[in-house]
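# Report on the structure
What follows is the residue order along each chain.
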Amino acid sequence: MRSPSDPAPAARLRGVAISLIGLLAGLLVWQVLGQRDPVLLATPVRSFESLVSMTRDGTLPEALADTGMLFLAGLVAAVVGGVGYGLVLSRSRRLRTGTQWLVFAVQSVPIVALAPLILAAFGFGFGAKVLVVFLSAVFPILINTAEGARHTPVTLLEVARVHRSGEWALWRDVLLPHSMPYAMSGIRQGIAMAFVGTFIAEFFLEATGIGGLLLGASSRFDSATVLGLTVLVSVLAAMLMAFGQVLERAFAPWREGSTE
């Protein structure tokens, strides 16, 4: 428990203040450069006005809904598949020996290189784009979960055997609770990878959502819309990463405490 003189709150306030100063400085530089070359680099005011205009006519909310649905579908599939198969790998030596090399092989292939193959096999539909997001996010979740389950203390497994726990009870009471902090670390990484995979799917498959708006604005040389959407994507990414950190702290508070 922190004492009243603990410097952590003051350090957080300094961090927030430094971040705000950096943000204001960046906006000022952007404004100056935009005024010097308004054709190639729109000012922050023009970019904000472009976002407001797309919000009023419904274009931006619809695109956000499409992108959010794709992101959530791919991430949920990656969490279910990654955690489930990671636990299975930890319990089956033969399966781990036979497929672990394939997991690392597929993970090493850039998802951009797989996008044309997915397009040829599954077309432009929503399922193909979900597959791209799934492949982008599933591997850190799978690997972290498998490692966490494999490092379950032997004493816990022996106690479960003494009490004649079945396989399902072993998973529920021992493996899953012990591997959850590791899985949450993988999920935090998977959130970032799923976000990237969402835009890869929208760029290389069917141009919908925020990715479609970015491609359309780029083809029209509409720098205000491009920059406004880019800033919006950056803000969304920062919010998602903060949410992932909150989840990780909730399931693994000892990691947060170990750094203080």
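Please read all numbers here as calculations on a predicted model, not as lab measurements. Each chain carries its own residue numbering, running from 1 in the written order of its sequence. Reporting in this predicted model follows two pLDDT cut-offs: at least 70 for local features of residues, and 80 or more for side-chain atom pairs to be given and counted; totals over whole chains, interfaces and linings ignore these cut-offs and use all residues. Computation of side-chain values: all heavy atoms of the structure, hydrogens and water removed.

Take the confidence of the model for the protein next. pLDDT is defined as a per-residue confidence score from the predictor, taking values between 0 and 100. In this model, the protein carries a mean pLDDT of 80, and residues with pLDDT of at least 70 account for 84%. For the protein, helix H11 (residues 253-258) is the element with the lowest average pLDDT, namely 51, and helix H3 (residues 59-91) is the one with the highest, namely 90. Secondary structure elements are taken from DSSP: a helix is a run of H or I of four residues or more, a strand is a run of E of two residues or more, and numbering for both begins at the N terminus.

Residues Leu 60, Val 132, Ile 210, Leu 213 and Leu 229 are the most contacted members of the largest nonpolar core, which totals 43 residues. Taken together, the elements giving at least two residues each to this core come down to helix H2 (44-56), H3, helix H5 (111-122), helix H6 (126-150), helix H8 (167-204), helix H9 (209-219) and helix H10 (223-251). Looking at which element gives the most residues to this core, the answer is H6, with 11 residues. Here Leu 213 is in contact with Met 54, Thr 59, Leu 60, Ala 63 and Leu 229, once residues within four sequence places are set aside. Only buried residues count toward a nonpolar core. Its members are Ala, Val, Leu, Ile, Met, Phe, Trp, Tyr and Cys residues joined through side-chain atoms within 4.5 Å. Under the scheme applied here, a residue whose accessible area is under 20% of the maximum for its type counts as buried, over 50% as exposed, and between as partly exposed, the area being computed with a 1.4 Å probe on protein chains only. Any pair of residues with heavy atoms lying within 4.5 Å of one another is described as a contacting pair.

Assignment of secondary structure puts Ser 136 in helix H6. Ser 136 sits in the buried class, given a relative accessible area of 8%. In protein, a polar contact requires one atom able to donate a hydrogen and another able to accept it; more generally it is a pair of N or O atoms within 3.5 Å, and residues adjacent in sequence count only if both atoms are side-chain atoms. Among the polar contacts listed, one links the side chain of Ser 136 to the backbone oxygen of Val 132, at a separation of 2.8 Å. Not counting the four nearest positions on each side in its chain, Ser 136 is found in contact with Ile 111, Met 193 and Gly 197.

On to the pattern of salt bridges. Think of a salt bridge as a Lys or Arg side-chain nitrogen and an Asp or Glu carboxyl oxygen that are within 4 Å of each other. The final tally for this structure, using the stated rule, is one salt bridge. Between Arg 220 and Asp 222 there is a salt bridge, with the nearest N and O atoms lying 3.7 Å from each other.

Attention shifts here to H2. Working rule for helices: expected span equals 1.5 Å times residues minus one. Taking 1.5 Å of rise per residue, the 13 residues of H2 would be expected to cover 18 Å, and the 18 Å separating its terminal C-alpha atoms lies within 8% of that figure. Among the residues of H2, those classed as buried are Pro 44, Ser 47, Ser 50, Leu 51 and Met 54. Viewed end-on, H2 has its buried residues packed into an arc of 125 degrees, placing them on one side of the element. Turned more than 90 degrees from where H2 packs its buried face, Phe 48 and Arg 56 sit exposed. Gly 58 lies just past H2 and shows a positive phi near 90 degrees. The arc in question is the one spanned by the directions pointing from the helix axis to the C-beta atoms.

Ring pairs are drawn from Phe, Tyr and Trp, using the six-membered ring of Trp, whenever the two centres fall within 6.5 Å, and their geometry is named by plane angle: stacked under 30 degrees, edge-to-face over 60, tilted for the rest. By the definition in use, this model includes three aromatic pairs. Arranged with centres 5.1 Å apart and planes meeting at 75 degrees, the rings of Phe 195 and Phe 199 form a pair that is edge-to-face. Highlighted residues: Phe 195 and Phe 199, both in helix H8, separated by four residues, approximately one helical turn. Each member of the pair, Phe 195 together with Phe 199, is buried. Where Phe 199 meets Phe 203, the ring centres are 6.4 Å apart and the plane angle is 45 degrees; that geometry is what we call tilted. Taken together, the positions of Phe 199 and Phe 203, both in helix H8 and four residues apart, correspond to about one turn of that helix.

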